[in-house]
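The lines below spell out each chain.
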Amino acid sequence: MSLRRSGALGLPDGVAERTRAVDLLALLAVPVVLVAVFGLPEPVRRSLAFEYTDPSVTAAFVSAYVHVDAAHLLTNVGGYLLVVPTAYLLSVVSGHRRRFFMAFATFLVAFPPALSYLNLAAIRAASGLGFSGVLLAFVGYLVHAVADHFQVNLGIGPATSISPALFFLGLAVAAPLSVQSVTVDRATVALGTGGLVLATLLSALLFALSAAEEAGPIRRRLRFATARRGSFELGVLALGLFVAFQFVAFPPRPTAGPGEINLYTHLLGYALGFMVTYVSVQVFDRFDGDRLAG
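Keep in mind that this is a model prediction, so the values were computed, not measured.

## Some thoughts on the packing of aromatic side chains
A full pass over the atoms with the stated rule returns 21 aromatic pairs. Centroid distance F167 to F274: 4.2 Å. Interplanar angle 10 degrees. Geometry classified as stacked. One end of the pair, F167, is in helix 9 (residues 159-179); the other, F274, is in helix 13 (residues 263-293), and 107 residues separate them in sequence. Overall, the relative accessible area of 6% leaves F167 in the buried class.

In structure tokens, the structure reads:
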């Protein structure tokens, strides 16, 4: 792939040619639907909530696209417009456009009911509304998009080691954020969280060391990566977005505001978005390898 500068953005050549109008329409369709549903009368929107004590299949799917509070809607739409186009762009420049849209369709169709019913693991008198769980699945996919971009365009890889390292790094950031509102007066929670953070950081380090060992001399790889103007900046910005989004998804006061933030759904979405993509990539790569060998 050519890595020469292309236009003011300094992105790899061919990005504009590989970005199709139908792709942009598909990406924009989601926030349009979210805003359109928000235009329904509030009683109708509330009736579409997924009730944990009285679940229904229809509400399990529809509730992910419904918001009652304008701030909740704006947060999810804003997060979507940052995360999903970034993941798309990284996938295009890495040659994984098809993979992106397979994940895109899976997250939008299969994840809303899956996340809804996984919330029944703890029955409680509550209801679920909002797109944030699906949005966090895209954050889980963003891990793969960043890793693929690092490998294909910056020579930093392999992606199969970089992506788990980034995933565990995200967990290490999310874990203390998600429980900081209860660790002040609960020493056991603080101790358990500390252990989890240590375990996830060690896991991230092990995968990072594995990637460094396979990739060769680190200094040579870094010089190669930083010389790829445009591609390097895109990778850094995407990595910064991934880390920063953990602070948005796991706020210090999840009960503040008009509704309680479901941190469990956020964590499920993030973990499942990463794991489903990771397993699918491994299976399809193995299948393609066996087919070529045959």
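## Side note on the pattern of salt bridges
Applying the stated criterion to the full structure yields 3 salt bridges. With a closest N to O distance of 2.6 Å, R99 and D148 form a salt bridge. Of the two residues, R99 sits in helix 6 (residues 97-109) while D148 sits in helix 8 (residues 132-154), which places them 49 residues apart along the sequence. Classification of D148 by relative accessible area gives buried; the value is 11%.

## A look at a nonpolar patch on the surface
Residues L198, L202, L205, L206 and L209 make up a contiguous nonpolar surface patch of roughly 510 Å² in combined accessible area. Following the sequence through the fold, L206 ends up in helix 10 (residues 187-215). Classification of L206 by relative accessible area gives exposed; the value is 60%.

## Some words on the side chain of H67
Tracing the backbone through its elements, the reader meets H67 in the loop between helix 4 (57-62) and helix 5 (70-93). Separated by 2.8 Å, the side chains of H67 and N76 make a polar contact. Those residues within four positions of H67 in sequence are excluded, and the remaining contacts are L34, F38, R45, H72, L73, N76, G130 and F131.

## Details of helix 2 (residues 21-38)
Taking 1.5 Å of rise per residue, the 18 residues of helix 2 would be expected to cover 26 Å, and the 26 Å separating its terminal C-alpha atoms lies within 8% of that figure. Of all the bends in helix 2, the largest measures some 30 degrees and sits at A29, one to four residues before the proline P31. For helix 2, every residue scored as buried is listed here: D23, L27, V30, P31, L34 and V37.

## Focus: the nonpolar core
The biggest cluster of nonpolar side chains holds 59 residues, and the ones touching the most others in it are F100, F104 and F131. Elements that contribute at least two residues to this core include exactly helix 2, helix 5, helix 6, helix 7 (111-118), helix 8, helix 9, helix 12 (231-249) and helix 13. The element that contributes the greatest number of residues to this core is helix 8, accounting for 14 residues. Not counting residues up to four positions away in its chain, the partners in contact with F104 are A26, L27, V30, Y80, V84 and F138.

## Regarding the confidence of the model for the chain
This prediction gives the chain a mean pLDDT of 83; 78% of its residues lie at or above 70. Least confident of the elements in the chain is helix 1 (residues 15-18), whose mean pLDDT is 60; most confident is helix 6, at 96. In the predicted structure, residues 1-10 sits below a pLDDT of 50 and forms 25 contacts with residues beyond four places in sequence or in another chain.

## Notes on the packing of helix 6 against helix 7
Contact geometry of helix 6 with helix 7 gives a least axis separation of 4 Å together with a crossing angle of 45 degrees. As summarised for this structure, helix 6 and helix 7 are arranged oblique, according to the angle between their axes. Taking contact as the criterion, the partners of T106, F107, L108 and V109 in helix 6 are, on helix 7, F111, P112 and P113. Its residues assigned to classes, the contact of helix 6 with helix 7 shows 6 nonpolar, 1 polar and no charged.

## Re the packing of helix 5 against helix 12
Two elements in contact, helix 5 and helix 12, have axes separated by 11 Å at closest approach and are oriented at 150 degrees. In terms of orientation, helix 5 lies roughly antiparallel with respect to helix 12. Crossing of helix 5 against helix 12: the hand is left-handed. Residues T75, G79, L82, V83, T86, L89, L90 and V93 of helix 5 lie in contact with helix 12, whose contacting residues are L234, A238, L241, F245 and V248. The class makeup of the residues in the contact of helix 5 with helix 12 is 10 nonpolar, 3 polar and no charged.

Cut-offs applied
- Residues numbered from 1 in each chain as written.
- Predicted model: local features only at pLDDT ≥ 70, side-chain atom pairs only at ≥ 80, totals over all residues.
- Heavy atoms only, no water.
- Phe/Tyr/Trp six-rings, centres within 6.5 Å; stacked < 30°, edge-to-face > 60°.
- Helix = DSSP H or I, 4+ residues; strand = E, 2+ residues; numbered from the N terminus.
- Buried < 20%, exposed > 50% of the residue type's maximum accessible area, 1.4 Å probe, protein only.
- Salt bridge = Lys/Arg side-chain N within 4 Å of Asp/Glu carboxyl O.
- Patch = residues over 30% accessible without salt bridge, like charges linked within 9 Å, V, L, I, M, F, W, Y side chains within 5 Å.
- Areas by Shrake-Rupley, 256 points an atom, 1.4 Å probe, with all protein chains shown as cover.
- Polar contact = N/O pair within 3.5 Å; in protein donor to acceptor, adjacent residues only side chain to side chain.
- Contact = heavy atoms within 4.5 Å.
- Expected span 1.5 Å × (residues − 1).
- Bend = angle between axes of the 7 residues up to and from the residue.
- Core = buried A, V, L, I, M, F, W, Y, C linked by side-chain atoms within 4.5 Å.
- pLDDT = per-residue confidence, 0-100.
- Axes fitted to C-alpha atoms, helices over the stretch in contact; angles between N-to-C directions.
- Parallel < 35°, antiparallel > 145°, perpendicular 65-115°, else oblique.
- Nonpolar A, V, L, I, M, F, W, Y, C, P; charged D, E, K, R; others polar.
- Left-handed = near helix turned anticlockwise from the far one by under 90°.

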